[in-house]
Amino acid sequence: MAENRPTPPDVDRVAASRAAVAARRARAAVKDQVAHGKRSALEVLSTAISSPDGVEGRLRVTEFLISIPAIGVTKMRRIMSRLEISPSKRLGGLGKHQRDRLRDFLSTRSRQRRGASPARLVVLAGPTAVGKGTVAGYIREHYPQVLLSVSATTRAPRPGEAEGVSYYFVDDTEFDRMVEAGELLEWAVVHNAHRYGTPRGPVEAALARGDSVLLEIDIQGARAVQLAMPEARLLFLLPPTWDELVRRLIGRGTESPAEQARRLETAKLELAAQEEFDYRVVNHDVAEAAREVVDLMNLRQAPQLPERPILRS
Ligand SMILES: Nc1nc2c(ncn2[C@@H]2O[C@H](COP(=O)(O)OP(=O)(O)O)[C@@H](O)[C@H]2O)c(=O)[nH]1
Ligand SMILES: Nc1ncnc2c1ncn2[C@@H]1O[C@H](COP(=O)(O)OP(=O)(O)O)[C@@H](O)[C@H]1O
């Protein structure tokens, strides 16, 4: 016997079918962007992971893969079975291991198609409070394919900071040991307070695997990396204006007025270091600056720098 379910009123049905059509169109637009190289497949996957109920998250993995240039139905089926993803899965519904396998597959493929651009050590530095940590955090969240080095530090963890994610928190004795044992690629005392250093092992392992690595470190560290690895690419993050830098430092509210004044004096010297860098990125907007940094990680040839510095205090 047929079930006697109540039917929704016509108005609801019309609205629901309109919404379904709009959602289908939105998904088609994303596939079109991927197919025409306007958006990278990795970026679509990152968006799907951060908002599983959004347009990207609702894309089926099968249709997503087919939209990638040079992947047809046969290849797509082979990839799905190799990655152990069932055809009914949507990007937003993938489990952690499936996501990791798909991401690895996409990044290896994109590297191969770029003509295996060389793995590169990229340094992001800049004056205090310009937004280095903010931009690096944005990259960590939105570009999971970028390897961000995790530094060792003698400073205490702040609330919300996790061991091995924000930093490796070590005491003075352990930091001394790491320096003695040559385990740090570079290290420095930052803001006259604590020691920070880049563990050498993970950086060398990533480069050997063919993966580029990003270091968010201070200017002394950038100089040390340049000496140790002259082939590293150095990016300098600039504030839009000096006044904006002052606003960001004061607005952050993490330093006393005396410490703020001291850091602003240092910032003048730090700004003068911009000419030692390969590229300058102006941090007007966090998402744009992050995208520029990620783009610069992949560039094969350095474009010419403007002849004169962009900003002076
Ligand atoms: N030389 C060097 N500097 C680092 C390293 N890790 C972080 N830094 C720098 O240390 C500074 C302080 O960072 P942090 O403790 O997160 O504090 P905040 O920037 O004041 O919020 C920043 O300028 C970072 O760029 C590292 O491994 N080496
Ligand atoms: N593009 C931006 N626009 C506005 N404020 C920003 C921007 N980037 C960073 N900030 C803010 O500036 C302050 C300093 O940023 P932070 O990442 O701590 O700097 P740094 O790591 O370079 O010392 C923070 O309060 C942050 O929220």
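Treat the numbers as computed from the prediction; the structure is a model and nothing was measured.

Novice: Describe the overall build of the protein chain, and please don't skip the residues or the numbers.
Specialist: Helix and strand counts for the protein chain come out as 12 helices and nine strands. Considering the protein chain as a whole, with its 313 residues, one finds that 28% of them fall into the buried category.

Novice: Account for the packing of helix α6 (residues 132–142) against helix α12 (residues 286–298), with residues named and values stated.
Specialist: Look at α6 against α12: their axes get within 9 Å of each other, and the N-to-C directions meet at 70°. Between α6 and α12, the angle is such that the two are roughly perpendicular. Touching Thr134, Val135, Tyr138, Ile139 and His142 of α6 are Val286, Ala287, Ala289, Ala290, Val293 and Val294, all from α12. Its residues placed into classes, the contact of α6 with α12 shows nine nonpolar, two polar and no charged.

Novice: Account for unusual backbone geometry, with residues named and values stated.
Specialist: The phi dihedral of Glu84 falls on the positive side, at around 55°, and the residue is not glycine. Among the secondary structure elements, Glu84 is positioned in the loop between α4 (73–82) and α5 (96–113). Judged by the 10 C-beta atoms lying within 10 Å of it, Glu84 falls in the exposed class.

Novice: Account for the site of ligand 2, with residues named and values stated.
Specialist: Around ligand 2, the structure places 13 residues, and the nearest of them are Gly131, Lys132, Gly133, Thr134 and Arg248. Those elements that place two or more of their residues in the shell around ligand 2 are α6 and α10 (242–252). Broken down by class, the residue content of the shell around ligand 2 amounts to three nonpolar, six polar and four charged.

Novice: Residues and numbers for the confidence of the model for the protein chain, please.
Specialist: In the predicted model, the protein chain carries a mean pLDDT of 88, and the fraction of residues at 70 or more is 91%. Across the whole predicted complex the pTM is 0.67, and at the interface the ipTM reaches 0.96.

Novice: Requested: an account of the nonpolar core, with residues and values cited.
Specialist: Counting 42 residues, the largest nonpolar core has Val123, Leu124, Ile139, Leu214, Leu235, Leu237 and Val293 as its most contacted members. Filtering out sequence-adjacent residues up to four positions away, Leu235 remains in contact with Val122, Val123, Leu124, Phe277, Asp278, Tyr279, Val281, Val293 and Leu296. Within the second largest apolar cluster, 19 residues are counted, among which are Val34, Ala41, Ile79 and Ile85.

Novice: Outline the environment of Thr266, supporting the account with residue identities and numerical values.
Specialist: As for its position among the elements, Thr266 is in helix α11 (residues 257–272). Sequence separation of Thr266 and Thr128 is 138 residues, and the distance between their C-alpha atoms is 8.1 Å.

Novice: Before we move on, can you summarise the pairing of strand β6 (residues 194–199) with the specific residues and values?
Specialist: Where strand β3 (residues 152–153) lies against β6, two bridges are found, and the strand directions are antiparallel. Counted as the bridge partner of Ala152 is Gly197 from β6. Here strand β5 (residues 184–190) pairs with β6 via six bridges, running antiparallel. Considered in β6, the bridge of Glu186 is made with Thr198. The antiparallel pairing of β5 with β6 creates a hairpin that spans three residues between the two strands, and His191 there sits at a positive phi of about 50°.

Novice: Pulling in residues and values, what's your account of the environment of Leu91?
Specialist: For Leu91, the location among the structural elements is in the loop between α4 and α5. A C-alpha to C-alpha distance of 10.0 Å links Leu91 and Ser51, two positions 40 residues apart in sequence. Not counting residues up to four positions away in its chain, the partners in contact with Leu91 are Leu45, Ala48, Glu56, Gly57, Leu59, Val61 and Phe64.

Novice: Tell me what's going on with the site of ligand 1, and back it up with residues and numbers.
Specialist: With respect to spatial proximity, 16 residues lie near ligand 1, and among them Ser151, Ala188, Tyr196, Ile217 and Gly221 are the closest. Every element with two or more residues in the shell around ligand 1 is listed here: α6, β5, β6 and α9 (219–228). Ranked by residues supplied to the shell around ligand 1, first place goes to β5 with four residues. Here the residues of the shell around ligand 1 sort into five nonpolar, six polar and five charged.

Novice: Hey, could you go over α12 for me, with residue numbers and the actual values?
Specialist: Under the 1.5 Å per step criterion, the end-to-end length of α12 is 19 Å for 13 residues, consistent within 8% with the ideal 18 Å. Taken as a whole, α12 has its buried residues at Ala289, Ala290, Val293, Val294 and Met297. Down the axis of α12, the smallest arc covering the buried residues is 135°, so these residues share one side. What points out from α12, more than 90 degrees from its buried face, is the exposed set Ala287 and Asp295.

Novice: Summarise the UniProt feature "binding site: ATP" (unreviewed entry) in the protein chain; cite the residues concerned and give the values.
Specialist: According to UniProt, the "binding site: ATP" (unreviewed entry) feature falls on Gly126, Pro127, Thr128, Ala129, Val130, Gly131, Lys132 and Gly133. Structurally, Thr128 can be placed in the loop between β1 (121–125) and α6. Among all residues touching Thr128, those that are not within four sequence positions of it are Leu249, Arg263, Thr266, Ala267 and Glu270. Structurally, Lys132 can be placed in helix α6. Here Lys132 is in contact with Leu124, Gly126, Glu216 and Leu237, once residues within four sequence places are set aside.

Calculation criteria
- Every chain begins its residue count from 1, and numbering advances along the sequence as written.
- Written order determines the labels here, with chains lettered from A and ligands numbered from 1.
- The predicted origin of the model limits local features to residues at a pLDDT of at least 70 and limits the giving and counting of side-chain atom pairs to 80 or more, whereas totals for whole chains, interfaces and linings rest on all residues.
- Helix and strand definitions here come from DSSP, where helices need a minimum of 4 consecutive H or I residues and strands a minimum of 2 consecutive E residues; each element is numbered from the N-terminal end.
- Exposure classification rests on a simple neighbour count of other C-beta atoms within 10 Å of a residue's own: a residue reaching 20 or more is buried, one at 12 or fewer is exposed, and one in between is partly exposed. C-beta atoms are placed from the backbone.
- Think of each axis as a best-fit line through the C-alpha atoms, taken over the contacting stretch in the case of a helix, with angles from 0 to 180 degrees between the N-to-C directions.
- The scheme is simple: roughly parallel for angles under 35 degrees, roughly antiparallel for over 145, roughly perpendicular for 65 to 115, oblique for anything else.
- Think of it this way: build a C-beta for each residue from its backbone, and any pair within 7 Å is a contact.
- Throughout this entry, Asp, Glu, Lys and Arg are counted as charged residues, while Ala, Val, Leu, Ile, Met, Phe, Trp, Tyr, Cys and Pro are counted as nonpolar. The remaining residues, Gly among them, count as polar.
- Nearness between a residue and a molecule or strand is assessed with a C-beta atom placed from the backbone; a distance within 6 Å qualifies.
- What pLDDT expresses is the predictor's confidence in each residue, scored from 0 to 100.
- Put simply, a nonpolar core is buried Ala, Val, Leu, Ile, Met, Phe, Trp, Tyr and Cys residues tied into one set by C-beta atoms within 7 Å.
- The rule for pairing is simple: two strands pair if DSSP sees at least two bridges between them.
- Any helix carries an expected span of 1.5 Å times its number of residues minus one.
- It is the directions from the helix axis to the C-beta atoms that the arc portrays.
- UniProt positions are given in the numbering used here, feature names are shortened, and annotations may be inferred rather than shown by experiment.

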